[in-house]
Amino acid sequence: MSEAIVASQAPGSDTASVPGASGARQFWRRLRAQRAALVAAGVVALLVLVALAAPLFTAIEGQDPTTYHPGLVDSARGGVPVGSLGGISGDHWLGVEPQTGRDLFARLVYGARVSLGVAFAATLVQVFIGIVVGVAAGLGNRWVDQLLSRVTDIIIAMPLMIMSLALLAIVPSSFPRPVLVALIIGLVAWGSIAKIVRAHTLTLKELDYVAAARLSGWGSWRVARRELLPALGAPVITYAALLVPTNISVEAALSFLGVGVKPPTPSWGQMLTAADVWYQAAPQYLLLPAGALFLTVLALTVLGDGVRTALDPRAASRLRVGTGRKREAKA
């Protein structure tokens, strides 16, 4: 019944519907009109490629992220790398780590694996819980809605960093740290996306095709799966794209505070933990992970804004440089 109603709706109506092939083409056309978003997408793709191919890159260099090279640091000067520019050479492309002599390039590319992996995994957990809770609250009766909404309010009110610090401190150290960090971030920070999904669900369930599906006897799960989830795709994807850079920053902060990823596993935040005392003697030890974090967060933020604008052309981009206003308007 609902499919027939969707097919009979006027093309220019504001009624949410499942995006078809033409909708996908319009999305890509609007996204291509934004030069900044395309550059950001290329940067993100390059970073993901580097993270996935970290073993290949380190094999080409001939190094690994955990091997100590005591002969490459000057113990008489407190462990400063021997040579110019932090020990950069043909064997160590970005130099070596102070005190330990571990290869910085290998630790940087393996750190990308941890930082990006934790951020994307945490985002998936947040999105999954947020969709389940938000749809259940929007489709449920008044009591279910009130209960889930109060739980969501409590989750939102919890300070993310303090809760993460507390949970990470009490979990045994034998538990894989990157997995633990991703789970804790995801389990503590899903409240905002649940609020967004609930608000959209309350709006969508009043539309004709959703009401017809419910009146025809469909259960809540079937209504959610067949009618609501496709229409929720745009807001969920938009918000998820903006969650990833936030999660990268949270993982870096937790590792910087010493409760996130533990040595010898490399992480950009964990590298910054020990780099703050070496910024004069070996500045690249601080600048490389900090620059990687800045570039990643900036690229993901710009890409998330571009996706938001492409999915909702009525929403103006917050980033006016490189958005191609005239081409965007034509698209």
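All residue numbers refer to position in the chain's written sequence, counted from 1. The predicted nature of this model means local features are confined to residues of pLDDT at least 70 and side-chain atom pairs, given and counted, to a pLDDT of 80 or more, with totals for whole chains, interfaces and linings taken over all residues. Note that water and hydrogens are dropped before the side-chain values are worked out from all heavy atoms of the structure.

A.B. asks: So what's going on with the overall build of the chain? Which residues, and what values?
C.D. replies: Note on conventions: DSSP H or I runs of at least 4 residues are helices, E runs of at least 2 residues are strands, and numbering of each starts at the N terminus. Check the secondary structure of the chain and you find 14 helices and two strands. Relative accessibility under 20% of the residue-type maximum defines a buried residue, over 50% an exposed one, and the middle range a partly exposed one, all with a 1.4 Å probe and only protein chains included. Counting only residues that meet the buried cut, the chain has 43% of its 331 residues in that class. Nonlocal contacts in the chain, meaning residues at least 24 apart in sequence, comprise 73% of its contacts between residues at least 6 apart. Carbon together with sulfur atoms contributes 68% to the accessible area of the chain, which is approximately 16600 Å² in total. Working rule for contacts: check all heavy atoms of both residues, and any pair within 4.5 Å makes them a contact. Working definition of accessibility: Shrake-Rupley area with a 1.4 Å probe, residue cover restricted to the visible protein chains.

A.B. asks: Could you give an account of the side chain of aspartate 145, naming the residues involved and the relevant values?
C.D. replies: Structurally, the position occupied by aspartate 145 is in helix H6 (residues 142–157). A relative accessible area of 12% places aspartate 145 in the buried class. Among residues more than four places away in sequence, those in contact with aspartate 145 are Ala137 and Arg198.

A.B. asks: How would you sum up the nonpolar core? Please name residues and give values.
C.D. replies: In this structure, Ile248, Trp268, Tyr285 and Leu293 are the most contacted members of the largest nonpolar core, which totals 31 residues. Within the residue set of this core, elements represented by two or more residues are helix H2 (21–32), helix H3 (35–52), helix H5 (104–139), helix H11 (220–256), helix H12 (268–275) and helix H13 (283–311). Among the elements that take part in this core, H13 stands out by supplying nine residues, more than any other. Look past the residues within four positions of tryptophan 268 in its chain and what remains in contact with it is Leu108, Gly111, Ala112, Ser115, Pro289, Ala292, Leu293 and Thr296. Among the nonpolar cores identified, the runner-up in size contains 17 residues, and Ile193, Ala224, Leu228 and Ala231 belong to it. Nonpolar cores are built from buried Ala, Val, Leu, Ile, Met, Phe, Trp, Tyr and Cys residues. Side-chain atoms within 4.5 Å join them into one set.

A.B. asks: Describe the UniProt feature "transmembrane region" (unreviewed entry) in the chain, naming the residues involved and giving the relevant values.
C.D. replies: Listed under "transmembrane region" (unreviewed entry) in the UniProt record, and renumbered for this structure, are residues 36–60, 114–139, 151–172, 178–197, 228–248 and 285–304. For residues 178–197, the end-to-end C-alpha separation is 28 Å, with 90% helix and 0% strand making up the annotated structure. UniProt positions are given in the numbering used here, feature names are shortened, and annotations may be inferred rather than shown by experiment.

A.B. asks: I'd love a proper account of the environment of leucine 295, names of residues and values included.
C.D. replies: As for its placement among the helices and strands, leucine 295 is situated in helix H13. Residues leucine 295 and valine 44, 251 residues apart in the sequence, show an inter-C-alpha distance of 9.1 Å.

A.B. asks: Outline the packing of H3 against H13, supporting the account with residue identities and numerical values.
C.D. replies: Angles here are taken between N-to-C directions and fall from 0 to 180 degrees, while the axes themselves are lines fitted to C-alpha atoms, restricted in helices to the stretch in contact. For the pair H3 and H13, interaxial distance at closest approach is 8 Å and the crossing angle is 135 degrees. The angle between H3 and H13 places the two elements in the oblique class. Handedness of the crossing formed by H3 with H13: left-handed. Along the contact surface, H3 presents Ala36, Ala37, Ala40, Ala41, Val43, Val44 and Leu47, while H13 presents Leu295, Thr296, Ala299, Leu300, Val302, Leu303 and Gly306. Our angle categories are set so that under 35 degrees counts as roughly parallel, over 145 as roughly antiparallel, 65 to 115 as roughly perpendicular, and the remainder as oblique. For any pair of crossing helices, the crossing counts as left-handed if the nearer helix is rotated counterclockwise from the farther one by less than a right angle, and right-handed if it is rotated clockwise.

A.B. asks: Please give an account of the packing of aromatic side chains that cites residues and values.
C.D. replies: Aromatic rings from Phe, Tyr and Trp, with only the six-membered ring used for Trp, were paired whenever their centres fell within 6.5 Å, and each pair was classed as stacked if the ring planes differed by under 30 degrees, edge-to-face if by over 60, and tilted otherwise. This structure, assessed with the given rule, holds two aromatic pairs. Measuring from centroid to centroid gives 5.1 Å for phenylalanine 27 and tryptophan 28, while their planes differ by 65 degrees, and the two rings are edge-to-face. Take phenylalanine 27: its relative accessible area is 16%, and that puts it in the buried class. Criterion for a charge above a ring: Lys NZ or Arg CZ within 6 Å of the ring centre, and within 35 degrees of the ring normal. It is arginine 222 that lies over the ring of tryptophan 218; its NZ or CZ is 4.2 Å from the centre.

A.B. asks: Describe the pattern of salt bridges, and please don't skip the residues or the numbers.
C.D. replies: The rule for a salt bridge is simple: a side-chain nitrogen of Lys or Arg has to be within 4 Å of a carboxyl oxygen of Asp or Glu. Applying the stated criterion to the full structure yields six salt bridges. Here arginine 308 ties to aspartate 305 by a salt bridge, and the two come within 3.1 Å at their closest N and O atoms. With arginine 308 and aspartate 305 both in helix H13, this residue pair falls three residues apart, about one helical turn. For the pair shown, arginine 308 and aspartate 305 are each scored as buried. Residues joined by salt bridges that share partners form a network here, namely Glu97, Arg102 and Arg107.

A.B. asks: Report on helix H10 (residues 208–215), specifying residues and quantitative values.
C.D. replies: All of the buried residues along H10 are Tyr209, Val210, Ala212 and Ala213. Take H10 and look down its axis: the buried residues cluster within an arc of 160 degrees, on one side only. Structural note: H10 exposes Asp208 and Leu215 on the side pointing more than 90 degrees away from its buried face. Looking one or two places after H10, you find glycine 217, whose phi comes out positive at around 100 degrees. In this description, the arc belongs to the directions extending from the helix axis to the C-beta atoms.

A.B. asks: Break down the confidence of the model for the chain for me, with residues and values.
C.D. replies: Regions with low pLDDT carry predicted coordinates that are not meant to be interpreted in detail. Averaged over every residue, the pLDDT of the chain is 82; the share at 70 or more is 87%. Scored from 0 to 100, pLDDT reflects the predictor's confidence in each residue. Per-residue pLDDT stays below 50 along residues 1–20; that stretch engages in 25 contacts with residues further than four places along the chain or on separate chains. Confidence drops under pLDDT 50 across residues 321–328; counting only partners more than four residues distant or on other chains, this segment forms 18 contacts.

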